[in-house]
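Coordinate analysis (summary)
Now for the letters of each chain:
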2 protein chains.
Amino acid sequence: MINRQMYELGSHRSTIREIFEYGNQRAAIVGRENVLDFSLGNPNVPAPDEVRQAILAEAAGDPVAIHGYTSAPGAPDVRRTLADSLNRRFGTDYTGDSLYLTAGAAAALMCAFRALACEGDEFVVFAPFFPEYKMFIESGAGAKCVLVPPSIEDFQIDFDAFAQRVSEHTKAVVINSPNNPSGAVYSEQTIRRLAAFLREKENEYGHPIYLISDEPYREIVYDNVTIPFVPNYYDDTIVCYSYSKSLSLPGERIGYVLVPPKAADSADLYAAVCGAGRALGYVCAPSLFQRVAARCADLTSDIAVYRTNRDLLYSGLTEMGYTCVKPEGAFYLFPRTLEADDRAFCERAKKYDLLLVPGSDFGAPGHMRISYCVKTETVEKALPLFKKLAEEYKIR
Amino acid sequence: MINRQMYELGSHRSTIREIFEYGNQRAAIVGRENVLDFSLGNPNVPAPDEVRQAILAEAAGDPVAIHGYTSAPGAPDVRRTLADSLNRRFGTDYTGDSLYLTAGAAAALMCAFRALACEGDEFVVFAPFFPEYKMFIESGAGAKCVLVPPSIEDFQIDFDAFAQRVSEHTKAVVINSPNNPSGAVYSEQTIRRLAAFLREKENEYGHPIYLISDEPYREIVYDNVTIPFVPNYYDDTIVCYSYSKSLSLPGERIGYVLVPPKAADSADLYAAVCGAGRALGYVCAPSLFQRVAARCADLTSDIAVYRTNRDLLYSGLTEMGYTCVKPEGAFYLFPRTLEADDRAFCERAKKYDLLLVPGSDFGAPGHMRISYCVKTETVEKALPLFKKLAEEYKIR
């Protein structure tokens, strides 16, 4: 009597959720400080103090104006401010009319997928990938999700494998750089090659192929790495953004879809994004945090702890013999597991109260995701245990 | 190439939106104060000061905790507090596990519709109705929306017309009391009769028929009217609630779905609601306002202005010869238009800069919606103009 698909989605816990619950059980036995939980992607550095100041400044204003409905795509002045911020940083010339504010990146992605998806359409996703993509594309938008296997040497794109999976049914290609779960950043060379390939395929099939760039980690990068701003390389790009990670506001649900004017059928596509938001029950993005985002558009939380953790983990693990692509962004490390069966490896790690997520969950078996948005102390406690775990495999 | 249905939804302005834009154009010519805009359902009384205090109190806390992800159904302590508030007021014994917090009532409705809708299902809606219902049911959840014509004498339920539209395909029935656009409140007698009728039909068809009670106006009532709490009359009720109207927070998007334990297949249904939220891209309800709602759960904005406006409009218009069911709740008056063609009537009203929404938009031709969430001054200016308008019809 109830929709089976929705029931399944709501009743089957994700692996990450299972690990989280397991962590709680262990904490009750061995103490919270002894559970080394690397499973959650919840920012642990605080929002910049300017966020608090912005909340206080807004709360001092007229409640009817602050808490009232905004127009469906977002308050015009907020959209203009966010567009200006992009223009300053990326040399673009957007107006607020290219932005549709959303309740975070998940909402942005769902609006983009539903705006585009027609009968028979395929959306191409590169492994390793955020597992909700497949669910959004299939259960959310009713389209087909086509997976490209990972390029495990560098977590860039395996273009041969990709070319085999692009067809006349390809409506869009989804990228996520800096990447969850690998922490890899697509190089400018990768973006250029991807753009050239997609233009060629657009010509071949005679219709646009959109590039959906999901970039909640755009501002979380290390070592002065530059993130290529994708719409500057490929016209038919749609950007899905969230302030969840850059401003440490994941619970507040604030982000946007950017439909650049140069994208094919830009005006129609923007209208369809608005229509999708309406059909999904999004009335407007949360109004107070629209204004907070505008006041803090150029800021990023202090990510020094993430950098410290990354360096400790990367050098520590590689010295012990773990193999890992050095992450340049986000707050994840994605080493190979020491046995091919990543689920078995992660189970074994539990013996040391090390909580890791198997790579299979992200379409990349033989890996483990280590979320290092944790206290540095947790990393320091964990390293000797990762070593003991490695020794078990040497002895066998 | 783009999803046509989403494009249509996003590019066709609603009548209310058209009127709003027209009002802006007129304001530029005759001055904002001379445009008597009764078209928008945006609360114009401020949120209680406790809302501001709650925001300040929360903002003084740990940003990582305040702005972090909550569990998908909402923070456990918030859900418990909201359940306790219901229990105190309605004699129920819910726990937080029956509540799923959402980004407002629109999200709550979409989660309920998608959780329930299976191939071939029908959802019954009573006119006059909030026009997005049809869109949510059809474009959002892919089900069929069956409309019951209005009972224009009292805006209760025309049970004969209703009975003709219930069938074995009926999955759920949607009610909205206090009602947008009529302001009518379903009497206890109506709710009892509806419950008895649905129980009879459940027995006849051998499956549950859910009653989806959309009640964002539950706290906006006048003259000591008591709103029957629907789950106390019919077990298979799902409540969709929003703090948009009661706390004047429409832009913040905070509300809930209540799946009472007594509802048929309650646990499965709750799981499906969670699954629907996931498939629609709702990660969690906005975290700061989850906490604000908990702190202010028992409060309502000061609705004295609404009452004053209602009394002025109702007595003024009926004296002039307009026919109107006296509204007992919400902030709408829904009189009959003075000609059968309500669109023509509302066009004629524009001559006096009176902006009204035709009843046809709500499935009740021959009526006009007057949103009286405006300054009392606006009402006072409008009354003589309503009189002039009425005189035009007497002369003809």
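Residues numbered from 1 in each chain as written. Chains lettered and ligands numbered in written order. Predicted model: local features only at pLDDT ≥ 70, side-chain atom pairs only at ≥ 80, totals over all residues. Heavy atoms only, no water.

Side note on the side chain of Asn179 of chain B
Residue and element names in this part refer to chain B. As for its position among the elements, Asn179 is in the loop between strand S5 (170–175) and helix H9 (188–205). Among the polar contacts listed, one links the side chain of Asn179 to the backbone oxygen of Asn176, at a separation of 3.1 Å. When sequence neighbours within four positions are dropped, the list of residues in contact with Asn179 reads Pro128, Ala184, Ala330 and Tyr332. (Helix = DSSP H or I, 4+ residues; strand = E, 2+ residues; numbered from the N terminus. Polar contact = N/O pair within 3.5 Å; in protein donor to acceptor, adjacent residues only side chain to side chain. Contact = heavy atoms within 4.5 Å.)

Side note on the relation of the copies chain B and chain A
Here chain B sits on chain A after a turn of 180 degrees about the axis and a move of 0.0 Å along it, with an RMSD of 0.0 Å. Taken together, the rotation and translation describe the operation of a two-fold axis. When you check the interface residues of chain B against chain A, 100% turn up at the interface there too, and the contact is symmetric in its surfaces. (Least-squares fit on C-alpha atoms with pLDDT ≥ 70 in both.)

Quick word on the pattern of salt bridges
Applying the stated criterion across every chain yields a total of 40 salt bridges over all chains. The shortest N-O distance in the salt bridge between Asp223 of chain B and Arg310 of chain B comes to 3.0 Å. Here Arg310 of chain B lies in helix H12 (residues 304–320) and Asp223 of chain B lies in the loop between strand S6 (210–214) and strand S7 (237–242), a separation of 87 residues in the sequence. Residue Arg310 of chain B is classed as buried on the basis of its relative accessible area of 0%. Ionic pairing is found between Arg310 of chain B and Asp311 of chain B, a salt bridge with its closest N-O pair at 2.9 Å. Overall, the relative accessible area of 33% leaves Asp311 of chain B in the partly exposed class. By sharing partners, the salt bridges in this structure join Arg89, Glu215, Arg218 and Glu219 of chain A into a single network. (Salt bridge = Lys/Arg side-chain N within 4 Å of Asp/Glu carboxyl O. Buried < 20%, exposed > 50% of the residue type's maximum accessible area, 1.4 Å probe, protein only.)

Details of helix H6 (residues 104–116) of chain A
The end-to-end C-alpha distance of H6 of chain A is 19 Å, a good match for the 18 Å that 13 residues give at a rise of 1.5 Å each. For H6 of chain A, the tally of buried residues reaches 13 of 13 residues, placing the bulk of the element in the interior. (Expected span 1.5 Å × (residues − 1).)

Concerning the pairing of strand S2 (residues 99–102) of chain B
All names here are of chain B. Alternating residues of S2 divide into Leu99 and Leu101 and Tyr100 and Thr102, and every residue in both groups is buried. Inspection of the sheet shows S2 paired to strand S8 (residues 255–258) by 4 bridges, in the antiparallel sense. Looking at S8, one finds that Tyr100 is bridged to Val257. (Pairing = 2+ DSSP bridges.)

Some points on the sheet that holds strand S3 (residues 122–126) of chain A
Residue and element names in this part refer to chain A. The strand order across the open sheet formed by 7 strands is S2-S8-S7-S6-S5-S3-S4, and the pairing between neighbours is mixed. Looking at strand neighbours, the two that pair on one side only are strand S2 (99–102) and strand S4 (144–148), the edges of this open sheet. In this sheet, neighbouring strand axes are inclined to one another by 20 degrees on average, regardless of whether the strands run parallel or antiparallel. Bridge count for S3 against strand S5 (residues 170–175) is 4 bridges, and the pairing is parallel. The partner of Val124 across the bridge, within S5, is Val173. The strands that helix H10 (residues 266–279) touches are S2, strand S6 (210–214), strand S7 (237–242) and strand S8 (255–258); relative to S2, the one it contacts most, it runs at about 15 degrees. (Axes fitted to C-alpha atoms, helices over the stretch in contact; angles between N-to-C directions.)

Brief notes about the packing of helix H12 (residues 304–319) of chain A against helix H14 (residues 376–395) of chain A
Residues and elements named next belong to chain A. It is at 10 Å that the axes of H12 and H14 come closest, and there the two elements cross at 10 degrees. The angle between H12 and H14 falls in the class roughly parallel. Each of Val305, Thr308, Asn309, Leu312, Leu313, Gly316 and Leu317 in H12 lies in contact with H14, whose residues at this interface are Thr376, Val379, Glu380, Leu383 and Phe386. Grouping the amino acids of the contact of H12 with H14 by side-chain chemistry returns 7 nonpolar, 4 polar and 1 charged. (Parallel < 35°, antiparallel > 145°, perpendicular 65-115°, else oblique. Nonpolar A, V, L, I, M, F, W, Y, C, P; charged D, E, K, R; others polar.)

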